[in-house]
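Commentary on secondary and tertiary structure
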Amino acid sequence: MPPSVPSLPRRAAHTLRTSLFAQVTCALVLGIVVGKLWPDTATALQPLGDGFTRLIKTVISPLVFCVVVVGIAKAGDLKAFGRIGVKALVWFEIASTAALVIGLVAANVVGPGRGMNVDPSSLNAAAVDETTGGGHLPTTTEFVLNALPQSFIGAFAENELLQVLILACLVGAALLHLGHTKVPKILPAIEQAQEIIFAVVGFIMRLAPIAVFGAMAHLVGNYGLGVMRTYAKLIVLCYVAAALFIALLAVALKAVTGLSLWKFLRYIREEMLLALGTASTESVMPRVMQKLRRAGARDDAVGLVLPTGYSFNLDGASLYLSIGTLFIAQAVGVDLSLGQQVTVVLVLMLTSKGMAGIPGSAFLALSATASSLGAIPAGAVALLLGVDRIMDSMRVVTNLLGNCVAVFAVSRWEGALDTARAKRALDGEDTSEPDEGGEDADSGIGAVEPPPGIPAQKPKELKELKEPAPEAG
């Protein structure tokens, strides 16, 4: 008899039970419905999303530390690691500048704020201070000093990724200097710690649909859908400009590596949907690091480029800031000259680098830009208070894709990318090794090295050791 075909409800139930993408999609839709129908109740659901983000943040710093240390130690060349860092910074600056220029050109052509004729004195400038908590963006000196750790434990406790990166580079360099003969057990221990962290991430990810539901319900319940009608021109412009920038990323990725950005987007569709639902790229950083490694990017490139990009390569934020600056200038009737717009680009190139992790950082950067021009009232930044949260989806998608493309591009530039493996992964083929729990065979993660003096056994020999010899007779 031919095998029976499961009914549609059973297939749907199986997909919902086994697919994180399906679970997050359903949670996203349910959150919008609850936020629209019961806004008062929905606003109380924010802790669901915040709690999930907190749990993920607890593992980001130790994971970045382990990946970078293992990457340096296994690459065996600290100079190569330095080259990766320099090339990453060059790529970041080119990408961020391109995003800023695209934003300015789009805002000049469309003019989203023209005709609004807003009186700056009617705006509540104190609302911006309330949103930012009275904070300020760090100066260049403060930014550099803040990147240097004051204590080993403090960098992890405060979740300062740049400080953790510096500590990881120092530890990795020390392992290379001492060699495996003096510290033979350290590297295997760090590798095993990394496997434990990835397992913890797997446990936390089971809560992702709940987090997406709470975050989306809070967003719709608190801000409503009416704000989209009020700022429709600005919102559409930002998303179209982001789509144009992503198309340029696709062209750049194809030219540099031969890989398809659209296939990569399908490859990380679960992580992308989760980042959209929680409005946070940090919530998916561990999973994205794991998938980039499976797609052929070497550990040292993934461990350095991706976390550094979270501070230095905020392409979506750069796009939004350039459009936002011209929007508020046009709304209050200020016509910025070409020289002033060049100044906008230069100022935002600096201010956007210190934005990560600072509450209300977009408003702080916009205020700093307005102050540097001297032509835009600082209180005009309050015009964007109502629409800023709606822009999170655009910023999250663009930032995440920009950083992933940077990992592939810099890896290929440095010869740290297995292109054939990457193409197999993006085509949906399984590139993991069953004996290593689904991790990269090349990375060595999950494989424990034998103690000094004991030769490594082949799988067949190990099997023979485990099976006792049959008794005589």
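Right above here is the structure, for reference.
Residues numbered from 1 in each chain as written. Predicted model: local features only at pLDDT ≥ 70, side-chain atom pairs only at ≥ 80, totals over all residues. Heavy atoms only, no water.

This next bit is on the overall build of the chain. What the chain contains, in helices and strands, is 23 helices and 0 strands. Per-residue burial for the chain yields a buried fraction of 50% across its 473 residues. If you sum the accessible surface of the chain, you get close to 22400 Å²; carbon and sulfur atoms cover 63% of it. (Helix = DSSP H or I, 4+ residues; strand = E, 2+ residues; numbered from the N terminus. Buried < 20%, exposed > 50% of the residue type's maximum accessible area, 1.4 Å probe, protein only. Areas by Shrake-Rupley, 256 points an atom, 1.4 Å probe, with all protein chains shown as cover.)

Scanning the model with the defined rule gives 5 aromatic pairs in all. Ring geometry for F65 versus F152: centroids 6.0 Å apart, planes at 80°, classification edge-to-face. In this pair, F65 sits in helix α4 (residues 46-75) while F152 sits in helix α8 (residues 152-157), placing the two residues 87 residues apart along the sequence. Here F264 and Y267 contribute two aromatic rings whose centre-to-centre distance is 6.2 Å and whose plane-to-plane angle is 45°, an arrangement assigned as tilted. Here F264 pairs with Y267, and both are found in helix α14 (residues 261-267), just 3 residues apart, close to one helical turn. A single burial state applies to F264 and to Y267, both of which are buried. Site record: aromatic cluster; members linked through ring pairs are F65, F152 and F156. Across the ring face of Y267, the terminal group of K291 is positioned such that the distance to the ring centre comes to 5.2 Å. A cation sits over an aromatic face here: R395 above Y320, 4.6 Å from the ring centre. (Phe/Tyr/Trp six-rings, centres within 6.5 Å; stacked < 30°, edge-to-face > 60°. Lys NZ or Arg CZ within 6 Å of the ring centre and 35° of its normal.)

Next up on the list: the environment of V256. Summarising the element assignment, V256 is placed in helix α13 (residues 232-257). The class of V256 is partly exposed, set by a relative accessible area of 34%. Counting along the chain gives 153 residues from V256 to A409, while the straight-line C-alpha distance between them is 6.2 Å. The contacts of V256, once residues within four sequence positions are left out, are W91, A409 and R412. (Contact = heavy atoms within 4.5 Å.)

The α-helix advances 3.6 residues per turn, and as a result positions three or four apart in sequence lie on the same side. Here helix α10 (residues 186-205) spans 29 Å end to end across 20 residues, near enough to the 28 Å set by a 1.5 Å rise per residue. Among all positions in α10, only L187, P188, I190, E191, Q194, I197, F198, V201, I204 and M205 are buried. (Expected span 1.5 Å × (residues − 1).)

With their axes 10 Å apart at the nearest point, α13 and helix α21 (residues 392-414) run at an angle of 10° to one another. Comparing their axes, α21 and α13 come out roughly parallel. Contacts between α13 and α21 involve C238, Y239, A242, F245, I246, L249, L253, V256 and T257 on the former and, on the latter, S393, M394, V397, T398, L401, G402, V405, F408, A409 and R412. Taken together, the residues that form the contact of α13 with α21 break down as 14 nonpolar, 4 polar and 1 charged. (Axes fitted to C-alpha atoms, helices over the stretch in contact; angles between N-to-C directions. Parallel < 35°, antiparallel > 145°, perpendicular 65-115°, else oblique. Nonpolar A, V, L, I, M, F, W, Y, C, P; charged D, E, K, R; others polar.)

The next point concerns the nonpolar core. One broad rule of soluble globular proteins: the nonpolar side chains tend to lie buried together. Counting 136 residues, the largest nonpolar core has V64, L234, L261, F264, L292 and L401 as the members making the most contacts within it. For this core, the leading source of residues is α4, giving 14 residues. Ignoring any residue separated from it by four or fewer positions in sequence, one finds V64 in contact with L161, V164, L165, M285, M289, G303 and P307. (Core = buried A, V, L, I, M, F, W, Y, C linked by side-chain atoms within 4.5 Å.)

What follows deals with the packing of helix α9 (residues 161-178) against helix α17 (residues 299-312). At a closest axis distance of 10 Å, the pairing of α9 and α17 adopts a crossing angle of 150°. Judged by the angle between their axes, α9 and α17 are roughly antiparallel. In the packing of α9 onto α17, the handedness of the crossing is left-handed. Where α9 abuts α17, its residues L161, L162 and L165 lie against G303, L304, P307, T308, S311 and F312. Broken down by class, the residue content of the contact of α9 with α17 amounts to 6 nonpolar, 3 polar and no charged. (Left-handed = near helix turned anticlockwise from the far one by under 90°.)

For the rest of this paragraph, the subject is helix α16 (residues 285-294). When you tally the buried positions in α16, you get 9 out of 10 residues, the bulk of the element. Every buried residue of α16 is listed here: M285, P286, R287, V288, M289, Q290, K291, L292 and R293. Of the residues one or two after α16, G296 is the one with positive phi, at around 95°.

A cluster of nonpolar side chains, contributed by V29, V33, L37 and W38, occupies part of the molecular surface with about 390 Å² of accessible area. By secondary structure assignment, the location of L37 is in helix α2 (residues 20-37). A relative accessible area of 52% means that L37 is categorised as exposed. (Patch = residues over 30% accessible without salt bridge, like charges linked within 9 Å, V, L, I, M, F, W, Y side chains within 5 Å. Salt bridge = Lys/Arg side-chain N within 4 Å of Asp/Glu carboxyl O.)

A word on the pattern of salt bridges. Pairing is possible between side chains of opposite charge, provided their charged atoms come close. Counted under the stated rule, the structure contains 9 salt bridges. When the shortest N-O distance is used, the salt bridge between E414 and K87 registers 2.7 Å. Taken together, the residues span a long stretch of sequence, with E414 in helix α21 and K87 in helix α5 (residues 78-110) at a distance of 327 residues. A salt bridge links K263 to D427; its shortest N-O distance comes to 2.9 Å. Placement of the pair is K263 in helix α14 and D427 in the loop between α22 (419-426) and α23 (459-466), with a sequence separation of 164 residues. The partly exposed category is assigned to K263, whose relative accessible area is 35%. Overlapping salt bridges, with partners in common, bring together E270, E271, R287 and K291 in one network.

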